[in-house]
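Architecture and fold: a report
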Amino acid sequence: MFPVVITGPRLTLREFQADDLDPSMAVVGDPEVTRTLSFDARSRNDQAERLAQDITRAQAQPRPDYYLAITNSTDLLVGFIRIGLGRDNSGELGYAIRRADWGKGYATEAAALMLNFGFDTLHLHRIQAACGPDNHASQRLLARLAFTPEGRIRDHVFTNGGWRDSLLYSILDHEWRNQRTSVGEVQ
Ligand SMILES: CC(C)(COP(=O)(O)OP(=O)(O)OC[C@H]1O[C@@H](n2cnc3c(N)ncnc32)[C@H](O)[C@@H]1OP(=O)(O)O)[C@@H](O)C(=O)NCCC(=O)NCCS
């Protein structure tokens, strides 16, 4: 499916475009943001290469993932969100918001939109997410969205110069259908 555009009350999820390079640096180029991600902060040159690959990959058939820009009401990129597709109708969720917009509920809105898309449009059965044990914002977000904790994976990612454990969470299609009305405006 291409192109994807998903609209919420404050945010839109859309495909990446070439002029996202500079705004995307406030996300993937900021070590405070990438500290809790599975990759290190990128240089502008590295990100230019990655962005070109992301734009090309979005048009692959079948798509390996839906990696989308999160944009505000002025179409400015404020973050990214991704569902990577796995076997047996499963998906893995990842997200980041630029530091200037933390704490505004943007990740909650974007994740709820992506869960609607994953379960209703892609007909996924299970969506999982993994986050660092000290990533309290992400853990609260997943709890709010009714993800169930499944345990701790040891040395799951090598990032920022060392191995990091991950806490694994998941939500199933019927659980999201029961939960989504209580998440807020995004239904
Ligand atoms: C995790 C992240 C995406 C949250 O984005 P956000 O837009 O600030 O999140 P929201 O405003 O929707 O808030 C989500 C929850 O986290 C809580 N939260 C936000 N910042 C927090 C912080 N610094 N410490 C503890 N909780 C925090 C909010 O209170 C909210 O919980 P609540 O619904 O129980 O009140 C953002 O901090 C980020 O981009 N971090 C770096 C990248 C990252 O860690 N991505 C996730 C990898 S698993």
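Reading the values: rules and limits
Residues numbered from 1 in each chain as written. Predicted model: local features only at pLDDT ≥ 70, side-chain atom pairs only at ≥ 80, totals over all residues. Near = placed C-beta within 6 Å. Helix = DSSP H or I, 4+ residues; strand = E, 2+ residues; numbered from the N terminus. Nonpolar A, V, L, I, M, F, W, Y, C, P; charged D, E, K, R; others polar. Pairing = 2+ DSSP bridges. Right-handed = clockwise from strand over helix to strand, strands pointing away. Core = buried A, V, L, I, M, F, W, Y, C linked by C-beta atoms within 7 Å. Buried ≥ 20, exposed ≤ 12 C-beta atoms within 10 Å, placed from the backbone. Contact = placed C-beta atoms within 7 Å. pLDDT = per-residue confidence, 0-100.

**So, the site of the ligand**
The environment of the ligand is formed by 21 residues, the closest being T36, A107, T108, C131 and A137. Secondary structure elements with two or more residues in the shell around the ligand: β5 (90-97), α4 (106-121) and α5 (136-144). No other element matches the six residues that α5 contributes to the shell around the ligand. A breakdown of the residues in the shell around the ligand according to their chemical character gives eleven nonpolar, seven polar and three charged.

**Here we look at the pairing of strand β6 (residues 126-131)**
Both β5 and β6 contribute to a ladder of three bridges, which runs parallel. The residue bridging S90 from the neighbouring strand is R126, located in β6. In this fold, the crossover linking β5 to β6 by way of α4 has right-handed handedness. Looking at chain direction, β6 and strand β8 (residues 162-172) are connected through six bridges and run antiparallel. Bridging from a neighbouring strand, R126 pairs with L172 of β8.

**Quick notes on unusual backbone geometry**
Cis geometry marks the peptide bond from F2 to P3, where omega comes out at -10°. Along the chain, the position of P3 falls in the segment before β1 (5-7). Going from Q61 to P62, the amide bond is cis rather than trans, its omega being 0°. Mapping P62 onto the fold places it in the loop between α3 (44-57) and β3 (65-71).

**Re the nonpolar core**
Counting 43 residues, the largest nonpolar core has I70, I81, A110, A111 and M114 as its most contacted members. When contributions to this core are tallied by element, the ones reaching two or more residues are α1 (21-28), β3, β4 (77-85), β5, α4, β6, α5 and β8. In terms of residue count, α4 provides more of this core than any other element does, ten residues in total. If sequence neighbours within four positions are ignored, I70 has contacts with L11, L13, V78, G79, F80, I81, Y106 and A110.

**A word on the confidence of the model for the protein chain**
When pLDDT is averaged along the protein chain, the result is 93; 96% of the residues meet or exceed 70. Per-element confidence in the protein chain is highest for β5, whose mean pLDDT is 98, and lowest for helix α6 (residues 173-179), whose mean pLDDT is 90.

**Brief notes about the environment of G105**
Along the chain, G105 turns up in the loop between β5 and α4. Remark: the alpha-carbon pair of G105 and S166, spanning 61 residues in sequence, is separated by 23 Å.

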